[in-house]
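Working through the structure, step by step
Chain by chain, the residues run as shown.
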Amino acid sequence: MDQFASYMMTFSKFVMIILSASIMVRCIRSMLREKYEPETWAYLRVGRETLPVRHWENLIGRSRSADIRLDLEKISRVHAVLSRNDRGNWVVYDIFSKGGVWVNGLKVSPRGILLQDGDVINLAGHTARFLAIPPEKRDKLEAKRQPAGKVSPTLTLLELTVFQLFLLMQHAFNAKEEHLPAIALAFVSLIALEWSVYNAMRVIGRMGFEVETLAFYLTTLGMSVAASSTPEDMYKQILLTAAAVFLFVLGGWWLRNLHRTSVLRIPIAGAALLLLAVNVVASDVVLGARNWLEFGGYSFQPSELVKVAYIYVGASTLDLVFRRRNLFSFIVFSATCVIALALIGDFGTALVFFVTFLVISFLRSGSIATVFLAISGAGLAGFLAVSIRPYIAQRFASWGHVWEDIYDTGYQQTRAMSAAASGGLFGKGAGAGWLKSVFAANTDMVFAMVCEELGLVIALCMVLALLTLTFFAMRSAGSGRSAYYAIAACATMSLLLTQLALNVFGSLDLLPFTGVTFPFVSRGGSSLLSCWMLMAFLKSADSRREASFAVRPVNRMNDLSPRPEYGPEESRLPEEVRR
Amino acid sequence: MKKITTRAASVLLLAMLVIMGMNVYILRYIDQGRSWALTFARLNTESTGTVLDRNGELLAYFDANRNDYSSDQTTRIANYHVTGDYWGRTPTGVLTAFWSEMQGYSLLTGTTHNENSVLNLTIDAQLNRIAYYAIHDQKAAVLMMNYKTGELMAMISTPSVDPADPDEIPGDGAYINRCLSAVYAPGSVFKLVTAAAAIETIPNIFERSFYCEGEYEVAGVPITCIDAHYTQTFEQALSNSCNIAFAQIAIRVGQDTMVKYVRDFGFLDRQSLNGIKTAAGRFPTEFVGDPELGWAGVGQSIDLVCPYTMLRFVAAVGNGGVLCEPTMLLNGEEPVRSRFMSAETAERLGEMMNYNVVSHYGGEDVFPGLRLCAKTGTAERGDGTNNSWFAGFLDDDAHPYAFVVLVEGGSFGITSAAPIANTLLQAAVKKY
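Treat the numbers as computed from the prediction; the structure is a model and nothing was measured.

**Topic: the overall build of chain B**
- In terms of helices and strands, chain B carries 18 helices and 19 strands.
- Burial analysis of chain B (432 residues in total) assigns 57% to the buried set.
- By sequence separation, contacts in chain B at least 24 residues apart represent 64% of the contacts at least 6 residues apart.
- Of note, chain B has its 31 positive side-chain charges centred 10 Å away from the centre of its 46 negative side-chain charges.

See below:
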């Protein structure tokens, strides 16, 4: 029997590596092979040319990066924004162009004018006719687009399921008997959960499942880490995972409607600040950082929820990007968040926020000067922080020298590196490592723990999964409906990548050890919840046909039955237009 | 939207940084993963292992909870530089050098559980003990090998350490294996190298005579001898250890040729004893002019020699010009052979070395029963003491042993180093 067990163990290691690689390859392939074609929402007829309006938010101008490029005299590089709201109302905004914009002879302000089918837009003397698309024609156009699911998501998910079963088998060999039922239940529930989400998506006709598959892959590794390190808490882990996926679906559904999403930005910003304020004032000091709040037996990290809120608030629609050129309120909001986190003592998370801030502000402003200014400001603040808080300076001092003091300052990192190398390429088997008994192995040193138990190859797949999600976000962004979704998706991935870098390279002594979590994999309920919620932003940017549940299908939209009394722009319309 | 998409490339920058970081990690992992893994491996893999000498005497034993050495203190101290210790303070020790094999580690599989991996050494722990007693309290390096099989039989470096006594205050440079990791001015023992080069390159060297008045000027720079040796043959010049004769010979051979031989004999490079790297020696390789070359030919100038490299040289001479590469591992493998010099050169040089012993070192009166071929060396350290060398081999098919003895801060080679060699060789001949 022992012989059989070790044989199965070796076999499962190879199978798991092959499956991991295959899952990654399939997800990347579906990204490369499928066309991320933008939709067509309306036309703009300029002279004899009919230009398609590809997004909900379109930049009109002479610039190469304009969505509707009019390389004509007197047209500014960025001239106007043509945008659509959820109810199908189209509005044109003049974004401080030199030549000006008129609709049916009325001067357009930066606050915009509502468009009707057939309206004539005058852009610095050039006329363009706005043509809406009737529903039948739009359905036809939509049918021409390539649907998602070219690389069968069912097969990918099946591979993941087999991976999970082999992982469970490894745990079955190594876990204590008393923990076995809970571990088995955890993996089985995870499989049930992913298949029910998948089937629900199929029922509503959505075939883009790459994001979910990768997130479930990472969650599986997180489940394995939990089963190794805290098998007594498996039931909690099951509940948390279910809750996280529920919040993901809820978030995606919420994001479908850009109007309600935008309306909630200010309240959410307030809530985030309030949460941080509560955190600063009343929280437990755990390991130098006061980033925990206790709630009836459950401790949670407010900063994790604030991450979601931060991106929710930070992303912005295109018209706002060009109408409000300064980022003043966003900078104040960001600075408040970062300072609050610094006060709490969670410098790792503060750094994660800061990098995300840089990305968002660059996406919104396109100004490298702003980024440099922010970096130098932060450098100064960081210098102050290091001089005020000696324990941070100490982390910097031991950085790169961890092997010189393996019993004190380098205690965790040296053990992490040793365990990671102990695993070789194939790992010692799930649950068979020794690092799990070292403090914070399942959070700060989780990369090493995965290396040790599942091997370097799977640990690299874990990194690759997040990189793949990043490329997915960037690719979706190009065909996304709104800049809001594109910015949110890119900001999400830069936040998670920063976390990954700090977590992995911190534990491997390539960066100072800051103690942030590895997305999805590190043990921690609030972290898992926030990671899944963030995935909703990725889904909302994916506008391939029949791909994402967070994107409303085109044929359910009613662009040609505008209700002028509705919409935020309506209240801002000049008197003449309202009539 | 396009604008945003273009700007989104900034996220790629982060992704690139992550990819770069992972690459750095993977490179480091390949390079250092072994030492990382082994640092905490044993406690976790519970591997066990033993180090044994050539007769099966226990030198070290470890399991998950124990780091043991021989139970006998003298054995531990006399063999310290062979075994090294579990903390890796002596990197050339087998416990460090072969740790990953004994523990069970490879890049692919990581650490593995090894049940009693045994490392059989060619070293004779008893010979080490005998040599250790003969050294007394001096700082010394002693090496002895079988030049026909390459088996390294004795290797002692003093001052040594008792690895089982963690509170001991170690002597000066006690963790350094002087046999492998140190280099010394060779003094006259280097004349063997010059002689080998001369036999191979100067025609009729044995018919030539050399004249010494005690001082000789080369390009205005004096080269001196302790005594005036007057007219002497090549053989006599070596046994007289005449600086003037050998300076002339080195100049005659020429710097380029000298450097070629010194390099071919391995004196300039780090050698590898079963993968354990030894120290590289030194000889003037840039043009220095005749006076300096003369001094370099007699083992002065900037010359530095690692005792281990000198052992390889005398072993090759003893084995008819062919070196059996030394090994510490008793695994029945055929030795790796390489030709150092022609058989004739080796034979003539061996005869000269035997003539040294018979005519100057006291022959069988001092080395009873041994057909010894050797050369002394005495390099002044500038503080009134010398590095005393004694290197050579037994011309004896039943006991084909080559040896090097170096005493740091000794007096003359013949008085400080030769007695240690004699004690060791006598014991070896008696035992085997």
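**A word on the overall build of chain A**
- In terms of helices and strands, chain A carries 21 helices and 14 strands.
- Computed over the C-alpha atoms, the radius of gyration of chain A is 26 Å, within 12% of the 25 Å expected from 2.2 N^0.38 for a compact globule of 579 residues.
- Along the first, second and third principal axes, the C-alpha set of chain A runs to 85 × 55 × 40 Å.
- The buried share of chain A, taken over its 579 residues, is 60%.
- Of the contacts made within chain A by residues no fewer than 6 positions apart, 68% connect residues no fewer than 24 positions apart.
- Of the accessible surface of chain A, which amounts to about 22400 Å², a share of 63% is contributed by carbon and sulfur atoms.
- The positive charge centre, built from 55 side chains, and the negative charge centre, built from 44, are 8 Å apart in chain A.

**Thoughts on the confidence of the model for chain A**
- This prediction gives chain A a mean pLDDT of 86; 91% of its residues lie at or above 70.
- Across residues 560–579 of chain A, confidence stays below pLDDT 50; counting only partners more than four residues off in sequence or on other chains, it has 36 contacts.

**Description of the packing of helix 17 (residues 456–479) of chain A against helix 18 (residues 483–507) of chain A**
Residues and elements named next belong to chain A.
- Where helix 17 contacts helix 18, the axes come no closer than 8 Å and their chain directions differ by 160°. Accordingly, the angle class assigned to the pair helix 17 and helix 18 is roughly antiparallel. Crossing angle aside, the handedness with which helix 17 passes helix 18 is left-handed. Residues Val 463, Leu 466, Leu 467, Leu 469, Thr 470, Ala 473, Met 474 and Ala 477 of helix 17 lie in contact with helix 18, whose contacting residues are Ala 486, Ala 489, Cys 490, Met 493, Leu 496, Leu 497 and Leu 500.
- Of the residues that constitute the contact of helix 17 with helix 18, the class distribution is 14 nonpolar, one polar and no charged.

**Some remarks on the interface of chain A and chain B**
- Each side of the interface is counted separately: chain A has 62 residues, and chain B has 36 residues.
- Buried surface at the junction of chain A and chain B, both sides included, amounts to about 3800 Å², of which 76% is carbon and sulfur.
- Our count for the chain A to chain B interface comes out at zero salt bridges.
- Counting the contacts that link chain A with chain B gives 10 residue pairs in polar contact (both at pLDDT 80 or more).
- Residue assignment for the side of chain A that touches chain B shows that the elements contributing at least two residues are strand 3 (57–61), helix 10 (318–323), helix 12 (347–365), helix 15 (411–422), helix 16 (446–454), helix 17 and helix 18 of chain A.
- With 11 residues, helix 18 of chain A is the single largest residue contributor to the side of chain A that touches chain B.

**So, the packing of aromatic side chains**
- This model, assessed by the stated rule, comprises 45 aromatic pairs over all chains.
- Connected via pairs of aromatic rings, a cluster forms that spans Phe 190, Tyr 261, Phe 265, Phe 267, Phe 283, Phe 313 and Phe 340 of chain B.
- The aromatic ring of Phe 330 of chain A is capped on one face by Arg 364 of chain A, whose charged end is 5.3 Å from the ring centroid.

**A closer look at unusual backbone geometry**
Residues and elements named next belong to chain B.
- Residue Pro 159 is reached from Thr 158 by a cis peptide bond, and omega for that bond is 0°.
- The phi dihedral of Ser 301 is positive, around 50°, even though this residue is not glycine.
- With respect to the helices and strands, Ser 301 occurs in the loop between helix 14 (290–297) and helix 15 (307–318).

**Brief notes about the nonpolar core**
- By size, the foremost hydrophobic cluster in this structure holds 294 residues, and its most contacted members are Tyr 25 and Phe 313 of chain B.
- Top contributing element to this core by residue count: helix 18 of chain A, with 18 residues.
- There are two domains that each give this core at least three residues, and those are domain 1 (43–144) and domain 2 (153–550) of chain A.
- Once residues lying within four places of it in the same chain are set aside, the contact partners of Phe 313 of chain B are Leu 192, Val 193, Ala 196, Phe 265, Phe 267, Phe 340, Met 341 and Leu 349 of chain B.
- Judged by nonpolar contacts, the second largest core, of 30 residues, contains Ala 131, Val 357, Phe 367 and Ala 374 of chain B.

**Remarks on the domain arrangement of chain A**
Residues and elements named next belong to chain A.
- For chain A, the domain assignment lists domain 1 (43–144) and domain 2 (153–550).
- The straight-line distance from the C-alpha centre of domain 1 to that of domain 2 is 39 Å.
- Across the contact, 15 residues belong to domain 1 and 19 residues belong to domain 2.
- Buried area between domain 1 and domain 2, summed over both chains or domains, comes out near 1400 Å², and the portion from carbon and sulfur atoms is 58%.

**Digging into the side chain of Ser 522 of chain A**
Residues and elements named next belong to chain A.
- Relative to the helices and strands, Ser 522 resides in the loop between helix 18 and helix 19 (525–541).
- By relative accessible area, which is 4% here, Ser 522 ends up buried.
- Within the local environment of Ser 522, its side chain forms a polar contact with the backbone oxygen of Thr 443, the two atoms lying 2.8 Å apart.

**Remarks on the pattern of salt bridges**
- Considering all chains together, one arrives at 28 salt bridges over all chains under this definition.
- Where Arg 545 of chain A meets Glu 546 of chain A, a salt bridge forms, and the shortest distance between an N and an O atom there is 3.0 Å.
- Here Arg 545 of chain A falls in the buried class, since its relative accessible area comes to 16%.
- Given a relative accessible area of 39%, Glu 546 of chain A falls into the partly exposed group.
- Ionic pairing is found between Arg 371 of chain B and Asp 395 of chain B, a salt bridge with its closest N-O pair at 2.9 Å. You can see Arg 371 of chain B sitting in the loop between helix 17 (363–366) and strand 17 (372–380) and its partner Asp 395 of chain B sitting in the loop between strand 18 (386–394) and strand 19 (401–410), a full 24 residues away along the chain.
- Residue Arg 371 of chain B is classed as partly exposed on the basis of its relative accessible area, which comes to 40%.
- Exposure remark for Asp 395 of chain B: the relative accessible area of 34% places this residue in the partly exposed category.
- What emerges from the salt-bridge pattern is a single network uniting Glu 34, Glu 210, Asp 542 and Arg 544 of chain A.

**Some details on the environment of Met 449 of chain A**
Residue and element names in this part refer to chain A.
- In this fold, Met 449 is placed in helix 16.
- With 16 residues separating them in the primary sequence, Met 449 and Gly 433 have C-alpha atoms 7.5 Å apart.
- Setting aside chain neighbours within four positions, we find Met 449 in contact with Val 225, Ser 228, Ser 229, Leu 435, Lys 436, Ala 441 and Asn 442.

**Details of a positive patch on the surface**
- Taken together, the side chains of Arg 29, Arg 33, Lys 35 and Lys 150 of chain A define a basic patch exposed on the protein surface.
- Structurally, the position occupied by Lys 35 of chain A is in the loop between helix 1 (2–33) and strand 1 (42–46).

**Concerning the sheet that holds strand 6 (residues 117–120) of chain B**
Residues and elements named next belong to chain B.
- Strand order in the open sheet made by the four strands is 3-2-1-6, with mixed pairing throughout. The sheet terminates laterally at strand 3 (67–69) and strand 6, the two strands that pair on one side only. Going across the sheet, the axis of each strand differs from the next one's by a mean of 10°, ignoring polarity.

**Describing the pairing of strand 11 (residues 221–224) of chain B**
All names here are of chain B.
- The sheet contact formed by strand 10 (residues 215–218) and strand 11 spans four bridges and is antiparallel. In the sheet register, Val 218 faces strand 11, and the bridge partner there is Val 221.
- Hairpin remark: strand 10 followed by strand 11, antiparallel, with two residues in the connecting loop; positive phi at Ala 219, about 50°.

**Looking at empty space enclosed by the protein**
All names here are of chain A.
- A complete count under the given rule lists five cavities of 30 Å³ or more for this structure.
- In this structure, the largest cavity encloses a volume near 80 Å³.
- Lining of the largest cavity is provided by 14 residues; of these, Ser 30, Val 151, Pro 153, Thr 156 and Glu 210 occupy positions nearest its centre.
- Here the lining of the largest cavity gets three residues from one element, more than from any other, and that element is helix 1.

**Section: the packing of helix 12 of chain A against helix 18 of chain A**
Residue and element names in this part refer to chain A.
- At a minimum axis distance of 9 Å, the contact between helix 12 and helix 18 shows a crossing angle of 150°. Read as a crossing pair, helix 12 and helix 18 show a hand that is right-handed. Every residue of helix 18 that contacts helix 12 at Gly 348, Leu 351, Val 352, Val 355, Thr 356, Val 359, Ile 360, Leu 363 and Arg 364 is listed here: Ile 487, Cys 490, Ala 491, Ser 494, Leu 495, Thr 498, Gln 499 and Leu 502.

Cut-offs used in this document
The residue numbers shown here count from 1 along each chain, following its written sequence. For naming, the first written chain is A and the first written ligand is 1, with later ones following in the order written. In keeping with the predicted nature of the model, local features appear solely for residues at pLDDT of at least 70, side-chain atom pairs appear and are counted solely at 80 or more, and the whole-chain, interface and lining totals rest on all residues. For side-chain calculations, the full set of non-hydrogen atoms in the structure is used, while hydrogens and water are omitted. Numbering goes from the N terminus for both helices and strands, where a helix is a DSSP run of H or I of at least four residues and a strand is a run of E of at least two. Categorising residues by exposure relies on relative accessible area from a 1.4 Å probe, with only protein chains included: less than 20% of the type maximum marks a residue as buried, more than 50% marks it as exposed, and the intermediate range marks it as partly exposed. Whether two residues are in contact is decided by their heavy atoms: any pair within 4.5 Å suffices. Charge assignment: positive for Lys and Arg, negative for Asp and Glu; neither His nor the chain ends contribute. All charge positions are set by atom: Lys at NZ, Arg at CZ, Asp at CG, Glu at CD. As defined in this context, the radius of gyration uses C-alpha atoms, and a globule is described by 2.2 Å times the residue total to the power 0.38. Only the protein chains shown count as cover for residues, with accessible areas throughout obtained via the Shrake-Rupley method and a probe of 1.4 Å. For every residue, the pLDDT score states the predictor's confidence, bounded by 0 at the bottom and 100 at the top. Every axis corresponds to a line fitted to the C-alpha atoms, with the helix fit spanning only the stretch in contact, and the corresponding angles, defined between N-to-C directions, vary from 0 to 180 degrees. With respect to orientation, any angle under 35 degrees is reported as roughly parallel, any angle over 145 as roughly antiparallel, any angle of 65 to 115 as roughly perpendicular, and every other angle as oblique. With the far helix as reference, a near helix turned anticlockwise by less than a right angle produces a left-handed crossing, and one turned clockwise produces a right-handed crossing. The residue classification treats Ala, Val, Leu, Ile, Met, Phe, Trp, Tyr, Cys and Pro as nonpolar and Asp, Glu, Lys and Arg as charged. All others, Gly included, are polar. Note on definitions: buried area is the accessible-area loss of two parts on being combined, 1.4 Å probe, summed for both. Here a salt bridge means any side-chain nitrogen of Lys or Arg lying within 4 Å of a carboxyl oxygen belonging to Asp or Glu. Here a polar contact means two N or O atoms within 3.5 Å. Within protein one must be a hydrogen donor candidate and the other an acceptor candidate, and residues neighboring in sequence count only if both atoms are side-chain atoms. Here a pair means two rings of Phe, Tyr or Trp (six-membered ring of Trp) with centres within 6.5 Å. Their orientation is stacked below 30 degrees between planes, edge-to-face above 60, and tilted elsewhere. By definition here, charges over rings are those cases where NZ of Lys or CZ of Arg is within 6 Å of the ring centre and within 35 degrees of the ring normal. Definition of nonpolar core: a set of buried residues of the types Ala, Val, Leu, Ile, Met, Phe, Trp, Tyr and Cys, connected through side-chain atoms within 4.5 Å. Boundary definitions for the domains trace back to an automatic or database domain assignment. Exposure above 30% relative accessible area and no salt bridge define the residues that can form patches, which grow by joining like charges within 9 Å and nonpolar side chains of Val, Leu, Ile, Met, Phe, Trp and Tyr within 5 Å. DSSP bridges decide pairing: two strands pair if at least two such bridges lie between them. Using protein atoms alone on a 1 Å grid, points that fit a 1.4 Å probe yet trap it form a cavity, whereas open point sets bounded by protein on both sides within 12 Å along at least five of seven lines form a pocket; residues with an atom within 4 Å of a point count as lining. Grid points are joined across faces, edges and corners, and a volume is the space filled by probe spheres set on the points.

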